[in-house]
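Here is what each chain is made of, one letter per residue.
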Amino acid sequence: MNLQKKHDVIEYVNAPGVFQRQLWVDWMKGIALIWIFINHAVEVVFGGPYLGNPGSWWPPLQERIAQWIPLDGYGVWTIPVNIWRYIGWLGDQGVSLFLVVSGFGLTWGVLSKYKDSFPVDQFYKQRLFRIFPLWWGVHIFFLVASYMTDIKALDMSLGDPNFYLSLVGFRASPGTFFYFAPAWWYIGLLIQLYLVYPILLEALKRMGAFQFLLFGSLAAFIVRAGVIFFEFKVSSLLYGAFFITRLPEFAFGMAFAWCLRNNAQQVYDLMSSRWTMFISIGLYISGTLLSITWAGMTVAPFMVGVGIFGILYGILGNKKETSSPIAGVFTWVGRHSYSLYLVHHPILAILVPIHALGGTLLSILGSIIGAIGLEKIVNRIVEPLAARLKKYDLKKLVKWTAMAAVVMSICALGFELAIQRFDPQEVIVWGEQPSLAPHDDFGWYLKPNQTTHLRWESYDYYVQSNELGFPGPSYPEQKAPGTIRIMTFGDAFTSAEGVDTDQAWPRLLESVLMTRLPNRKIEVMDFAITGYGPNQYAEVAQTYMPKYDPDIVIVGFYMNDYLDVLQRNDDFQAQIGFGKPSATSWYATLRLSHTRHFLHKRFDEIMNLIREKPDLGGYYSGAEFLLREQKKSDAAGQSGVSERFAQIKAMADAMGARMIVFMIPVPVQVCGPEDIAYYPTGYDLSDESMFDLDKPQRWTQEIASELDIETYDLRTPLQSAPECPYYRNNLHWTVGGHELVADFMAETLIKDKILSMEE
């Protein structure tokens, strides 16, 4: 090394009072980002590597190593494909390099600008405007894109609390760490490091570079070892959910900046020596090999980051301005690394074909172009706003921001309470959950001897339960002479949901029959509960049919019973929300649960109109049950229903009772688009190639016929109604619908001589 180069280095690095930009910083950032970019593209095609990605999913060590066996079957492309895969799989290591360079760049700038005191408030202000404008910008952009497109990779939602946590920079919890764009976890880590940076800088000044790096690294290694050896094995902690676990790389960058600022020539001589290059290569290789073991992951990220940095600095550390196109690319990418980092992962998820190699390179090129374009759009919008806000004093800005936040919070809580009062939504738990309690055998039932007022999703009704925990009155186990006892089983259509208990068709049926058969004593016992399916029908029947000795057993059967029969009770209990906060709790209120649900539905309605997106109407419409397309669960569902029907029929036959199934139609089999808000749009239900309008009833009739069970189709009375018998904004029958059903059943039981006029 000649004296001229030494002089250049000293003059360049130690220019007093002037911030000198280190060219290699941008080059290293560019290399790191491109490497990470390749990593994410390769992972979409080949899956992620075990190396450097510890977690509970790790298989035995032998399998982790075997993952690196070369692929074959690509002909002349076999070698390039494997090289590309290996480069991509090692791309996670670019994060370690990023951390080293970030620690250096931040500290180099601070040491160059501030010799004595360090203005903490000014630092935070600069970081605030460096990080958050673009951070908020990409959140808003992808939020709008999520609502305006059907791209599965774009799933950001106003209804997800993780969106708001991510928006303020919190990415440390299991739900937020990989939220939306998994690569964004790094920004959460960076924000944490910025928050503690003044403390770290003061420690660096007081301890010096060596002790600062030593103690900072030891603290991190102890925490990482604790996570590993106490078998927490929480991968997000090892990645950097908590800043201390990735402090060594950042601290090394800070320490390097300190040494370079104070001993430039000695540092350069050391870093440009062959021994340093050999040591750096050794650190990198050793760190990479250790990254595939639990114990090795205590120190591997630090070794890898320092090793890569040492190798690249030895090559790039004294480079000057160059017109090389490659250097220009790295420089541009490095100087725009933050914005490109934010946008690259969502675009890769959209463009890179999953498990398809053919279009990968083209997709990556498209992702780069898209990322650059999106970055320019976001910067064009965000930077002028950020520049305007920078003019304000930080204390005043914080004050006014806090005041605005308080006012907005009060307004938001007010809006939340208003929705709870006037248009309560179904959030956190089932709307019926306040009236329900767990049951060891049935899964759930009504809270015994209780009247519950339920309001949700346009419903406002009272549920009354008897001492058994079922709707309506109960009767003595012993029937009075001459009494006709009817037991009903079913779900929310029978229990019934949306109308008061005394307006449900079992109660009305009893009243109608007693009017039409004045010489007979009629008792209708309703054993239906919202959410029940064939499994619950059979279990309840087995418990109560022998006790109450019914003459007639009626099952109100809805198409979703073919799905419910496949679910376990504990799955249902989790869905109902036993043990969760209520929909009107402080938890729900502070989370603005009703507001978010309300706005999400309104926004979806608007976007569907704008996009003219075909929509089957969701669960409420029932149109999905009419699709001709066969599902894997169809055969299992039919088999399960048949088995449960057979059990109930056997019990009925044993006690001389008649079993009847009344088939409940889905709303679109009865009502039109002007009647229900959830009627399918963009679909023609009369298209026989796509829809089978008789499928639910045909399935049920075929099963019932094999078991010698009588069936009746409730489309007959419901389609004759002068008004749609289903609620416009919810699934179930109106009072008028229940009246029609009760009259039809009474007429059927008498006309078909299931019930006689006389004893």
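This text goes with the structure placed above it.
These numbers were taken from a predicted model, which means no experiment stands behind them. (Residues numbered from 1 in each chain as written. Predicted model: local features only at pLDDT ≥ 70, side-chain atom pairs only at ≥ 80, totals over all residues. Heavy atoms only, no water.)

> So what about the overall build of the chain? Which residues, and what values?
Helix and strand counts for the chain stand at 31 helices and nine strands. Looking at the 759 residues of the chain, the share that counts as buried comes to 52%. Of the contacts formed within the chain by residues at least 6 apart in sequence, a portion of 77% connects residues at least 24 apart. Accessible surface, the chain as shown: approximately 35300 Å² in total, 61% of it carbon and sulfur. (Helix = DSSP H or I, 4+ residues; strand = E, 2+ residues; numbered from the N terminus. Buried < 20%, exposed > 50% of the residue type's maximum accessible area, 1.4 Å probe, protein only. Contact = heavy atoms within 4.5 Å. Areas by Shrake-Rupley, 256 points an atom, 1.4 Å probe, with all protein chains shown as cover.)

> Which residues make up the nonpolar core, and what values do they have?
Counting 100 residues, the largest nonpolar core has Trp-24, Tyr-186 and Phe-309 as its most contacted members. Dropping the residues within four chain positions of it, Phe-309 is found in contact with Trp-24, Met-28, Leu-97, Val-100, Val-101, Phe-252, Phe-256 and Met-271. (Core = buried A, V, L, I, M, F, W, Y, C linked by side-chain atoms within 4.5 Å.)

> Can you break down the packing of helix α12 (residues 247-262) against helix α15 (residues 300-316) residue by residue, with the values?
Packing of α12 against α15 leaves a shortest axis separation of 9 Å and a crossing angle of 35°. Taken as a pair, α12 and α15 cross one another with a handedness that is right-handed. Across the interface between the two elements, Pro-248, Glu-249, Phe-252, Phe-256 and Leu-260 of α12 pack against Pro-301, Phe-302, Val-306, Phe-309 and Tyr-313 of α15. Partitioning the contact of α12 with α15 into residue classes produces nine nonpolar, no polar and one charged. (Axes fitted to C-alpha atoms, helices over the stretch in contact; angles between N-to-C directions. Left-handed = near helix turned anticlockwise from the far one by under 90°. Nonpolar A, V, L, I, M, F, W, Y, C, P; charged D, E, K, R; others polar.)

> I'd like to hear about the packing of aromatic side chains, residue by residue, with values.
All chains considered together, the criterion is met by 68 aromatic pairs. For the ring pair Phe-118 and Phe-123, a centre distance of 5.4 Å and an interplane angle of 55° mean the geometry is tilted. For the pair shown, Phe-118 and Phe-123 are each scored as buried. With centroids separated by 5.7 Å and ring planes inclined at 80°, the aromatic side chains of Phe-178 and Tyr-239 adopt a geometry described as edge-to-face. One end of the pair, Phe-178, is in the loop between α8 (174-177) and α9 (185-207); the other, Tyr-239, is in helix α11 (residues 235-239), with 61 residues separating them in the sequence. Here the aromatic residues Trp-24, Phe-104, Trp-108, Phe-221, Phe-252, Phe-256, Phe-302, Phe-309 and Tyr-313 are joined through ring pairs into a cluster of three or more. Looking at Arg-261, its charged tip hangs above the ring of Trp-108, at a distance of 5.2 Å from the centre. (Phe/Tyr/Trp six-rings, centres within 6.5 Å; stacked < 30°, edge-to-face > 60°. Lys NZ or Arg CZ within 6 Å of the ring centre and 35° of its normal.)

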